[in-house]
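The chain contents come next:
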Amino acid sequence: MAMTRSGDSPTSIARVLREYCVVRQLNRRPTGINDLPHDVLVLILRDAFSKTRRFFSRTRIYGQENTTEWASRPPYDDRNPEHASAECLASVCPLWREAMSGLSVFWTQLIIWVGTDPTPLSRIRQYLSWSRDHLLEVYVLRRFDPFMEDRAEKGQIKAIFELLLPHVARWKILCMALLHASSLPIPCIDLVGRADNLAELRLDFLVDDAVESIDNLSPPTSNFDTAELETLSMSAVHFREWHVRSFPQRSLPPRLWWLSLTGYASNQAPWSVAELLNTLLTAKQLCVLYLNNVQLDCSHPDPPLARPKRYGWQVDVTFTDMSAEVIAEYNRLLSDPYVEAVSYIRCSIPNGDSLSLRPVNSSYNVTLDQIADPLATLYFLTVVAGPFSYAIAHIYDCDGLCPETLSALATTTRTDDGEVFSCFDLRELHIGGCKRFQSSDLRAMLEARYKAHEATGFATEDDEGYVVTSVRELHVHDCCELDPKDKEWLNKHLESVYWDDWKGGTGPLPF
């Protein structure tokens, strides 16, 4: 029987398999996959591996909280055969490992485990050898182990990077998900060299124990060159060490468009909002920013910063566990930019006082998530700078969305321009998991805005006399029961309504 070649079509491969099985049946011997010729076995394993990777490249799984645009990775678990990682396939038997060792395409994606049942260093050496000179996608992931000492994780990481660092020029992706921030390697101190092909760097953790004594270290003197870096997620403490404290200060990579910074405590060395923004403004392509529990200093106001001239500050931002004082200072320094989307997750107002705060920046789309304080909910929804207000609002798991908050959205407030509705451009509303209001409260708010819009002849934002627009589309899930009278009104006056399992609405309205 003729042997197959690597370029053979699936049809020819199937024909060879059928012929081989016929021969085995004539010999009346039991057959299995391990009886296949070596090159046929490799073709089958390669096909299984490549199909799995193509499937996961279309699936959004790997990402941060509320991250919808993040290009995902499979939730790697080498014990799950559906994921078909190279190690998953190679661990079936020595014959499969031997067959796969000669094909470098299997080993360009390295999944390295720490914690329970860590990946042996000898196996990592094999991976690096078998991958030859190809670019590498490296994932260093922690299995949960409640009995593992903290210093054991850091020691494992140090040993792993002694093997990985000589191959820094081949890194295309480096993603780490560990328990402790202190176990992560620090750029320009632990991560050094020319990472000229690195496009994605994620240094993520669960326990934020980045030590305060990092400010006692000498500023980084070695280089970690990442000219092609596009996405970056890391501890804010390590980011400051890398890009702010270094001398001369390093600009952010020119292709960087997605940045997530997590954890900077108020008891660490003061880091002003202006210092952070001056660094971020060096990233000319930045589009998406996540700031998670980054306690910045805004006690000494700086003048507004010079923003990029062509389009201004077009960076969608998510603030998580941030103070409204810091958020307001962020907006003031950027001269209250208008962006496509902004999100507030578990953000708070100091001392419950929203009157003394500056407005937040306006955007087309706003998301509020897990905000319990009604004043904070109302502040992030309504105290908006500029001539625009939100067109689309998403409000999830917010106890602050209560009858008083909805009532405020149904009335006007006096400003220098006269009586103005809060969120006067709001036309689409999504609410989920909010338990503090009844359907009658929501209907009263929507009805008041509808009547005000109707009184202007359904004027649009370009018409003279425009005051407010009606909410056209409503989505409510897992909040409260929909009263039949409210259901009737919604069905008659809104273009589309989705309330749990019920769908209604009139279709296009006359505006």
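Residues numbered from 1 in each chain as written. Predicted model: local features only at pLDDT ≥ 70, side-chain atom pairs only at ≥ 80, totals over all residues. Heavy atoms only, no water.

As recorded in an unreviewed UniProt entry, the protein goes by F-box domain-containing protein and comes from Rhodofomes roseus.

**Q** When you look at the overall build of the protein in this model, what are you seeing that I'm missing?
**A** For the protein, the count of helices and strands is 13 helices and 19 strands. Residues classed as buried in the protein amount to 50% of the 511 residues present. At a minimum sequence separation of 6, the contacts of the protein that also span at least 24 residues come to 75%. Surface accessibility of the protein: about 24600 Å² in total, with carbon and sulfur atoms responsible for 51%. (Helix = DSSP H or I, 4+ residues; strand = E, 2+ residues; numbered from the N terminus. Buried < 20%, exposed > 50% of the residue type's maximum accessible area, 1.4 Å probe, protein only. Contact = heavy atoms within 4.5 Å. Areas by Shrake-Rupley, 256 points an atom, 1.4 Å probe, with all protein chains shown as cover.)

**Q** Is there a simple way to explain helix α5 (residues 121-130) in this structure?
**A** Every α-helical turn comprises 3.6 residues, leaving residues that sit three or four positions apart pointing alike. For α5, the complete set of buried residues consists of Ile124, Tyr127, Leu128 and Trp130. Just downstream of α5 lies Arg132, where phi reads positive at about 55 degrees.

**Q** Honestly, the pattern of salt bridges in this entry has me stumped. Any pointers?
**A** Oppositely charged side chains are able to pair whenever their charged atoms sit close together. Within this structure, the stated rule accounts for 13 salt bridges. A salt bridge links Glu228 to Arg255; the nearest nitrogen and oxygen atoms lie 3.3 Å apart. Here the residue Glu228 occupies a position in the loop between β6 (224-225) and β7 (231-235), and Arg255 occupies one in the loop between α7 (236-244) and β8 (258-264), the gap between them amounting to 27 residues. By relative accessible area, Glu228 is classed as partly exposed at 34%. For Arg255, a relative accessible area of 41% corresponds to the partly exposed category. Each member of the salt-bridge network shares a partner with another, and the members are Arg443, Glu447, Lys451 and Asp486. (Salt bridge = Lys/Arg side-chain N within 4 Å of Asp/Glu carboxyl O.)

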